[in-house]
Amino acid sequence: MLAFIVRRALQAIGVLLAVGIIAFAMFRFAGDPVNQIVSIDTPAAEREQVRRSLGLDDPVPVQMARYLVRTAQGDFGVSYQFRQPVSDLLAERMPATLELALCATIFATVFGVLMGVYSGLKRDSVLAKVFQTISLIGISLPTFLIGILLIYLFAVTLGWLPSYGRGDTVQLGWWSTGLLTGSGLKALIMPSITLGLFQMTLIMRIVRAEMLEVLRTDYIKFARARGLTTRAIHFGHALKNTLVPVITIVGLQFGSVIAFAIITETVFQWPGMGLLFVQAVQNVDIPIMAAYLMLVALIFVAINLAVDILYTVVDPRLRTTIRQPT
Amino acid sequence: MAEAIQTAPTTPSEPASWVGRFLDSDVWASFKRSKLTIAAAFLTVLFMAAAVLAGVLAPQDPFDPAQLDLLNSRLPPIWNAEGMAPFLLGSDEQGRDIFSAILYGLRISLAVGILGVAFSATLGIALGLIAGYVGGTVDAVIMRIADVQLTFPAILIALLVDGVVKSVLGGQLDAGTTLSVLVFSIGLSFWVQYARTVRGSVMVEKNKDYIAAARLIGLPAPVIMFRHVLPNVLGPVLVIATINLALAIITEATLSFLGTGMPETMPSLGTLIRIGNNYLFSGEWWIVAFPGIALALLVLSINLLGDWLRDALNPRLR
């Protein structure tokens, strides 16, 4: 058990190291960092000095080690566009992204489970077919089209919801939250739906399939034979057993939600990390791209590790032959 | 009877009977049964034909500034009172016909999608074959890379590769180079699934007698891999390729929408949607709506085709 966790943790560190090396390679070899700092008419001698002060004259392995150590300490360098430390920029943008991802996940889980249970129990009803169609659309439509559609309906035509930004935010220490103001909550609705729709259809499909499966098992038949109420059977016994895969998916998908927030944040001009990243890609701001990559890698690895460890705690059968769901 | 037995083994290799065999197969039967699949196939073929024939079908060449007239800008669709022929679906702020722009955009979107899928399939199949057939350290290294990559969403990898390649190439890129960069980044973000599937099938196939026989007569490993193993593992690859075509088109559209894909001088559907999005608030909904509908229908019909193909061939995917 302990050996397994240690092995998993070592693998996680290996992945982070690999991503760190990729980030360093991007930083060092994609474009010349000196050119980003000095102006065009800087004399060669001065350039050389900047080069030396950045440590770009040292052997590549030394530079790499230095980069990795700095990254581990949370120092990602200075953004080319903003001339500010990348870590400050990310810290400033992070609350917006995390709040959006959290709301999207809650939306996806609540509606996904409800729709999944309903279409699992009443497989042939009209509403279940409607849900199936929605799920097909949710998987086929690109995220940004859903966002544009929502904006057109609720912001342009009806004027009910704001089309961009976070609304008013409240500062709690370094964390700026939009959850405490009316306009902040209103601004969260459309981005959360846009971001969560894909996850919702995923959860709905899983819950539906699991419900259909579970309802055929012997213990459900036995529960019926015991004369339990339909309600107790469906929600006390069947639903409970479908929730393990749901929790896994919600957990594993949280990283994807944060990554997909890139698109949603661009559509709604949401001032989060994703928007920062897109602007970095457009302007070839390598320090931000590298830092974002490292951060997302850290989130993904941490989630995968946590899920793996939780699995072995919850289900001893998995301790030897654990596989990541793909 | 004796004749039938004699001819039976030769039939599969004859091209003439290949069509007959297909019409007789379960795949074709299940295709005929599903109306939705037929509709999806029809739409897909229609889109492809429209993309190929864009130059003939479009009333205007949207890339030729000489054909654009600012007097025709921001016209609503033709069924609207202010609409004007030949601007079937209206025009944008430069007087560009939306219908023509969609036809040409479709061409770019499909080209990037198909080339991206071809690139990722080639890469994935080659790496999967090598990993499965050679085994050992090579296998371990390739599959570890695949594992790491699988933990990240494809769109993130495509965005990163796109950004890095652009910064390496530097400066302003022309439309053709941008297209190649897009194909490259989409290819790099989707190869894992092919590699995994092919590797799995190769592990099964390589222990069979025909491979042992091929080895016995002294064929070199690459010949065995590509001529003998590969044709037997292509079924699942076809399914993945179909589903990934939809994904690749969405990825390209997303990159273009985010402003890191095709430039406005040579717009794909995603670029058209990005341009149109700016006019949403001034009420010119048609500039974004029709490219959006085209993209959605295209992706939906390819997805439906892919779903059907997966069920029909049933290669135990997912």
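It should be noted that the structure appears before, not after, this text.
Thresholds applied
Residues numbered from 1 in each chain as written. Chains lettered and ligands numbered in written order. Predicted model: local features only at pLDDT ≥ 70, side-chain atom pairs only at ≥ 80, totals over all residues. Heavy atoms only, no water. Helix = DSSP H or I, 4+ residues; strand = E, 2+ residues; numbered from the N terminus. Buried < 20%, exposed > 50% of the residue type's maximum accessible area, 1.4 Å probe, protein only. Contact = heavy atoms within 4.5 Å. Lys, Arg positive; Asp, Glu negative; His and termini not counted. Charge placed at Lys NZ, Arg CZ, Asp CG, Glu CD. Core = buried A, V, L, I, M, F, W, Y, C linked by side-chain atoms within 4.5 Å. Axes fitted to C-alpha atoms, helices over the stretch in contact; angles between N-to-C directions. Left-handed = near helix turned anticlockwise from the far one by under 90°. Nonpolar A, V, L, I, M, F, W, Y, C, P; charged D, E, K, R; others polar. Buried area = accessible area lost by both parts, 1.4 Å probe. Salt bridge = Lys/Arg side-chain N within 4 Å of Asp/Glu carboxyl O. Polar contact = N/O pair within 3.5 Å; in protein donor to acceptor, adjacent residues only side chain to side chain. Phe/Tyr/Trp six-rings, centres within 6.5 Å; stacked < 30°, edge-to-face > 60°.

(A) Inspection of the overall build of chain A at higher detail. What chain A contains, in helices and strands, is 12 helices and 2 strands. Walking chain A from its N terminus toward its C terminus, one meets helices and strands in the order α-α-α-α-α-α-α-β-β-α-α-α-α-α. Principal axes of the C-alpha set define a box for chain A whose edges measure 90 × 60 × 35 Å. Counting over 326 residues, chain A shows a buried share of 45%. For chain A, the share of sequence-separated contacts (at least 6 apart) that also reach a separation of at least 24 residues comes to 70%. Side-chain charges in chain A split into 26 positive and 19 negative, and the spacing between the mean points of these groups amounts to 15 Å.

(B) Examining the side chain of Asp285 of chain A more closely. Positionally, Asp285 of chain A belongs in the loop between helix H11 (273-282) and helix H12 (286-314). Assessed through its relative accessible area of 0%, Asp285 of chain A is described here as buried.

(C) Spatial organisation of unusual backbone geometry. If you check the backbone angles, Gln269 of chain A has positive phi at about 50° while not being a glycine. By the secondary structure assignment, Gln269 of chain A is in the loop between helix H10 (230-267) and H11.

(D) Spotlight on the nonpolar core. By size, the foremost hydrophobic cluster in this structure holds 153 residues, and its most contacted members are Phe144, Phe277 and Met289 of chain A together with Leu295 of chain B. In terms of residue count, helix H6 (residues 98-134) of chain B provides more of this core than any other element does, 14 residues in total. The residues contacting Phe144 of chain A, other than those within four sequence positions of it, are Ile263 and Val267 of chain A together with Ala253, Thr254, Phe257, Ile273 and Leu295 of chain B.

(E) Main features of the packing of helix H10 (residues 209-216) of chain B against helix H11 (residues 221-229) of chain B. Residue and element names in this part refer to chain B. Closest axis-to-axis distance for the H10/H11 pair is 11 Å, and the angle between their directions is 140°. Regarding H10 and H11, the two cross each other, and that crossing is right-handed. Residues Tyr210, Ile211, Ala214 and Arg215 of H10 form the contact with H11, whose participating residues are Ile224, His228 and Val229. Partitioning the contact of H10 with H11 into residue classes produces 5 nonpolar, 1 polar and 1 charged.

(F) Structural context of the environment of Ile139 of chain A. Structurally, the position occupied by Ile139 of chain A is in helix H6 (residues 126-140). Given the relative accessible area of 28%, Ile139 of chain A is considered partly exposed. Here Ile139 of chain A is in contact with Phe198, Thr201 and Arg205 of chain A together with Asn303 of chain B, once residues within four sequence places are set aside.

(G) The arrangement of the interface of chain B and chain A in detail. Every contact between the two is made by 36 residues of chain B and, on the other side, 41 residues of chain A. For the pair chain B and chain A, the summed buried surface comes to about 3200 Å²; carbon and sulfur atoms form 82% of the total. Inspection of the chain B/chain A interface yields 0 salt bridges. Inspection of the chain B/chain A interface yields 1 residue pair in polar contact (both at pLDDT 80 or more). Elements with a contribution of two residues or more to the side of chain B that touches chain A: helix H7 (136-150), helix H8 (154-169), helix H12 (234-257), helix H13 (269-277) and helix H14 (286-313) of chain B.

(H) Examining the packing of aromatic side chains more closely. Throughout the structure, instances matching the rule amount to 9 aromatic pairs over all chains. Seen in terms of ring centroids, Phe24 of chain A and Tyr67 of chain A are 5.7 Å apart; in terms of plane orientation they differ by 55°. Their pairing is tilted. Here the residue Phe24 of chain A occupies a position in helix H1 (residues 2-29), and Tyr67 of chain A occupies one in helix H4 (residues 60-72), the gap between them amounting to 43 residues. This pair shows no difference in class: Phe24 of chain A is buried, exactly as Tyr67 of chain A is. Centroid distance Trp285 of chain B to Trp286 of chain B: 6.0 Å. Interplanar angle 85°. Geometry classified as edge-to-face. A residue is classified by how much of its surface remains accessible, and Trp285 of chain B, at 27% relative accessible area, is partly exposed. Put simply, the rings of Trp285, Trp286 and Phe290 of chain B pair up and form one aromatic cluster.

(I) Representation of the pattern of salt bridges within the structure. Residues and elements named next belong to chain B. One pass over the structure, following the stated rule, counts 7 salt bridges over all chains. A salt bridge links Lys208 to Glu205; the shortest N-O distance between them is 3.2 Å. Residue Lys208 is classed as partly exposed on the basis of its relative accessible area, which comes to 38%. Taken together, the shared-partner salt bridges in this structure form one network comprising Arg144, Asp147 and Arg196.

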